Amino acid sequence: STIASGLVYPFLWKDISLKRFPLEKFWPRLMALDVGWKHPTAAVSFAKDIDSGTIYGYNAYKQSELQVIQHCMALQKWGDMPILIDPASLQSSKDDGEKIYDMYAEFFDGPDWKQISPEDRRVQLADNTVLAGINDVSEALAGGHLFFMNDMLDVEREFSMYRWDEKTGRPVKKNDDLMDTIRYGVRGIGKARVLGKRGQHEALDIKQWQPALRGY
């Protein structure tokens, strides 16, 4: 089957996807998040096989016209991993002027999130360099270093529709929400962390840990 011209990623889904399999617990994880209202809010979670360097996209989320808290409640089920959020989240929301970034940070990093240094927060800004990001994703797909679980139908659909605008030389800004998150995830994969191991907790001194008092 031929691949239509003009696709940003001219790959067949069967070549870039795998039947779902259990991920190793020690593989670091990352979530990438693109914010929107009418335009959906989208997220993809990634795991990185540290031996081979292969990145696996394994969860996708795409919902329109929900409040930030509703997205947060859904996404927290994915586990305690860093979240790379679209820098557009720094713009204020139309309703109350609160920044969307702040709402996510407050949910995932707690009410004192401003006191956590930006690189130790769970919610961090994604690198949104479009063409360099597309290049990174293309190279990873072509080299067999990036795969998706084949039941991620929304991701499959966007791959098949994500095309270049011949006038601008940039991708058409439509049906691209998950495609944006994939860019953020691949460019930021170095920030992935093993589930449940928060950056700022690794400094805990082992002497601070005390065994429970039962039975000692």
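To start, this report covers the structure provided alongside it. Since we're looking at a predicted model, the values are computed, not measured.

All right, on to helix H4 (residues 130–142) then. The first and last C-alpha atoms of H4 sit 18 Å apart over 13 residues, in line with the 18 Å expected at 1.5 Å per residue. Those residues of H4 not exposed but buried are Val 130, Gly 133, Ile 134, Val 137, Ser 138, Ala 140 and Leu 141. Taken around the axis of H4, the buried residues stretch over an arc of 165°, which confines them to a single face. Opposite the packed face of H4, turned more than 90 degrees from it, sit the exposed residues Glu 139 and Ala 142. Where H4 is buried, its residues touch helix H1 (13–16), strand E7 (146–149), helix H5 (153–161), strand E8 (164–165), strand E9 (170–171) and helix H6 (177–187).

Moving on to the side chain of Asp 49. Relative to the elements of secondary structure, Asp 49 occurs in the loop between strand E3 (41–48) and strand E4 (55–63). Within the structure, the side chain of Asp 49 is placed 3.1 Å from the side chain of Ser 52, a separation counted as a polar contact. Those residues in contact with Asp 49 that lie beyond four places of it in its chain are Trp 27, Thr 54 and Tyr 56.

A separate point is the sheet that holds strand E5 (residues 83–85). One open sheet accounts for seven strands, arranged E1-E7-E4-E3-E2-E5-E6; its pairing is mixed. Sheet topology places strand E1 (17–18) and strand E6 (123–125) at the edges, where each strand pairs with a single neighbour. In this sheet, E3 lies alongside strand E2 (residues 29–34) in antiparallel orientation, the contact comprising six bridges. In the sheet register, Ala 32 faces E3, and the bridge partner there is Val 44. In the packing of helix H2 (residues 68–75) onto the sheet, contacts are made with E2, E3 and E4, and the angle to E4 comes to roughly 145°.

Turning next to the side chain of Asp 86. Secondary-structure assignment places Asp 86 in the loop between E5 and helix H3 (100–109). Although Asp 86 is buried, it forms no salt bridge, and the closest oppositely charged side chain is Arg 183 at an N-O distance of 7.1 Å. In terms of polar contacts, Asp 86 uses its side chain to reach the side chain of Tyr 184, at 3.5 Å. Setting aside chain neighbours within four positions, we find Asp 86 in contact with Leu 33, Asp 34, Val 35, Ala 126, Asn 128 and Tyr 184.

Criteria and thresholds
Residues numbered from 1 in each chain as written. Predicted model: local features only at pLDDT ≥ 70, side-chain atom pairs only at ≥ 80, totals over all residues. Heavy atoms only, no water. Helix = DSSP H or I, 4+ residues; strand = E, 2+ residues; numbered from the N terminus. Expected span 1.5 Å × (residues − 1). Buried < 20%, exposed > 50% of the residue type's maximum accessible area, 1.4 Å probe, protein only. Arc of directions from axis to C-beta. Contact = heavy atoms within 4.5 Å. Polar contact = N/O pair within 3.5 Å; in protein donor to acceptor, adjacent residues only side chain to side chain. Pairing = 2+ DSSP bridges. Axes fitted to C-alpha atoms, helices over the stretch in contact; angles between N-to-C directions. Lys, Arg positive; Asp, Glu negative; His and termini not counted. Salt bridge = Lys/Arg side-chain N within 4 Å of Asp/Glu carboxyl O.

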